[in-house]
Amino acid sequence: MDKFQFPKGFLWGAATSAYQVEGGIKNDWSEAGEKFDAGKACDHYNRFEEDFNIVKSLGHNAHRFSIEWSRIEPEEGKWDEKEIEHYRNVIKALRNRGIEPFVTLWHWPIPLWLRNKGGAKLKKIPLYFSRYAEKIVSEFKNNVIFWITLNEPEIYATNSYLKGVWPPQKKNPISYFLIIRNLIKAHREAYKMIKKIQPNARIGIAKNNIYFEAYQNKIVNRILKKFIDWWWNFYFLNQIKNYQDFIGLNHYFHNRINYGFNKNENLKVSDMGWELYPEGIYHVLKDLKRYKKPIYITENGLADANDEKREKFIKGHLYWMAKAIQDGVDVRGYFYWSLLDNFEWDSGFWPRFGLVEIDYKIMERKIRKSALEYKKIIENRCLDD
């Protein structure tokens, strides 16, 4: 592939989530102890206009962000009109700059009242979530087409209930399966509710899929791959296949199976020790072709404080994404994770994922060189060999 021209109308951007960038949020994470408190984060809540000017300057024509449920519904059934107006201004700020908003309704933290009732384990969570979705979509339907209901439901369930390392830190395998079931129902109910309010809405989830490689095609490795692909990559999507208009793909990981999992060579890794394996995105995209839905890469990025690997990382993933498009996969957009350095969940602030560097002491923004290289690709709509 010497030169690949991305189609006109292809969406280019970066992504953020409310808790990781906004600051000043009170929810189940902020109340779970100092380790989980994002504090001021990047102060994006007050600086979104400045940040969207940067987005515009980098040539992005789309931007993914999340709305913080705990801001909108701080008490059960009570809506905070001031916060609704805030997000209305956020969406308008994007629209005024010619940037397509991709709005995530839930990116993990939950309001305290919901935590106190039992959180995502609660049988009524689909009802509460669809009610919240109804409110948000009713307010913003004139300015938003793309809705992402849930972000990485399987990552949330795994870290919060299987490993027990994230709030509510309750390690329980039965709860893990219960959460998966509840979130499937929550998405379906929200999908039906959104379509009722806004028939032209495009709705999906952001799904974390991993490239599981059966090393040397050995039979034991193939059997393990078949099982883990079924459970991790396809189960949730299979359960909602009639309730989605597109698939959002979050892709970070390659997992080499060799008589066991995670037998990677790790020749190149990010600051967090995650293996850098751009070819993986090709295989994951090819696997998603079966659903016959448009695909948007809703997250793909690395922690790289010195900005030494990011340019090559982006170009490598776009190269393999382009190959998937050539092979008939309907990919329509790419969002790098993340626009800004931010609060990286239980790792805190040290990992640096941003196209834009944040000086947390004075909240200064500084565009990284890799962001400018990404801009060139966007402007030319092509990737040289």
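The following paragraphs examine the structure supplied in this document. (Residues numbered from 1 in each chain as written. Predicted model: local features only at pLDDT ≥ 70, side-chain atom pairs only at ≥ 80, totals over all residues. Heavy atoms only, no water.)

### A word on the overall build of the chain
Line of reasoning, step 1. For the chain, the helix and strand inventory stands at 12 helices and 14 strands.
Line of reasoning, step 2. In terms of its C-alpha atoms, the chain occupies a principal-axis envelope of roughly 55 × 45 × 45 Å.
Line of reasoning, step 3. Considering the chain as a whole, with its 385 residues, one finds that 59% of them fall into the buried category.
Line of reasoning, step 4. Long-range pairs, those at least 24 residues apart, make up 75% of the contacts in the chain with a sequence separation of at least 6.
Line of reasoning, step 5. When the accessible surface of the chain is totalled, it reaches about 16,000 Å², and 49% of it is carbon and sulfur.
Line of reasoning, step 6. Each charge class in the chain was averaged separately, 62 positive and 49 negative side chains, and the resulting centres sit 6 Å apart. (Helix = DSSP H or I, 4+ residues; strand = E, 2+ residues; numbered from the N terminus. Buried < 20%, exposed > 50% of the residue type's maximum accessible area, 1.4 Å probe, protein only. Contact = heavy atoms within 4.5 Å. Areas by Shrake-Rupley, 256 points an atom, 1.4 Å probe, with all protein chains shown as cover. Lys, Arg positive; Asp, Glu negative; His and termini not counted. Charge placed at Lys NZ, Arg CZ, Asp CG, Glu CD.)

### Some words on the side chain of Asp 229
Line of reasoning, step 1. Within the secondary structure, Asp 229 sits in helix 9 (residues 219-239).
Line of reasoning, step 2. Judged by relative accessible area, which is 7%, Asp 229 ranks as buried.
Line of reasoning, step 3. Ignoring anything within four residues of it in the chain, the contact list for Asp 229 reads Ile 210, Phe 212 and Phe 234.

### A look at the packing of helix 11 (residues 310-326) against helix 12 (residues 369-380)
Line of reasoning, step 1. Across the interface, helix 11 lies against helix 12 with an axial gap of 8 Å and an inter-helix angle of 30 degrees. Regarding the angle of helix 11 to helix 12, the classification is roughly parallel. Across from Arg 310, Glu 311, Ile 314, Lys 315 and Leu 318 in helix 11, the residues of helix 12 making contact are Lys 369, Ser 370, Glu 373, Tyr 374 and Ile 377.
Line of reasoning, step 2. Considering only residue class, the contact of helix 11 with helix 12 consists of four nonpolar, one polar and five charged. (Axes fitted to C-alpha atoms, helices over the stretch in contact; angles between N-to-C directions. Parallel < 35°, antiparallel > 145°, perpendicular 65-115°, else oblique. Nonpolar A, V, L, I, M, F, W, Y, C, P; charged D, E, K, R; others polar.)

### Overview of the packing of helix 4 (residues 81-96) against helix 6 (residues 125-140)
Line of reasoning, step 1. It is at 11 Å that the axes of helix 4 and helix 6 come closest, and there the two elements cross at 50 degrees. Here helix 4 is positioned oblique relative to helix 6, judged by the angle of their axes. The hand of the helix 4/helix 6 crossing is right-handed. Contacts between helix 4 and helix 6 pair Glu 81, Ile 84, Tyr 87, Arg 88 and Ile 91 from the former with Lys 135, Glu 139 and Phe 140 from the latter.
Line of reasoning, step 2. The residue makeup of the contact of helix 4 with helix 6, split by class, is four nonpolar, no polar and four charged. (Left-handed = near helix turned anticlockwise from the far one by under 90°.)

### A few points about the environment of Glu 100
Line of reasoning, step 1. Inspection of the secondary structure assignment puts Glu 100 in strand 4 (residues 100-106).
Line of reasoning, step 2. Classification of Glu 100 as buried rests on a relative accessible area of 16%.
Line of reasoning, step 3. Residues Glu 100 and Trp 337, 237 residues apart in the sequence, show an inter-C-alpha distance of 17 Å.
Line of reasoning, step 4. Those residues in contact with Glu 100, other than ones at most four positions away along the chain, are Asn 61, Ala 62, His 63, Arg 95, Ile 145 and Phe 146.
Line of reasoning, step 5. Side chain to side chain, Glu 100 and Arg 95 meet in a polar contact 2.9 Å long. (Polar contact = N/O pair within 3.5 Å; in protein donor to acceptor, adjacent residues only side chain to side chain.)

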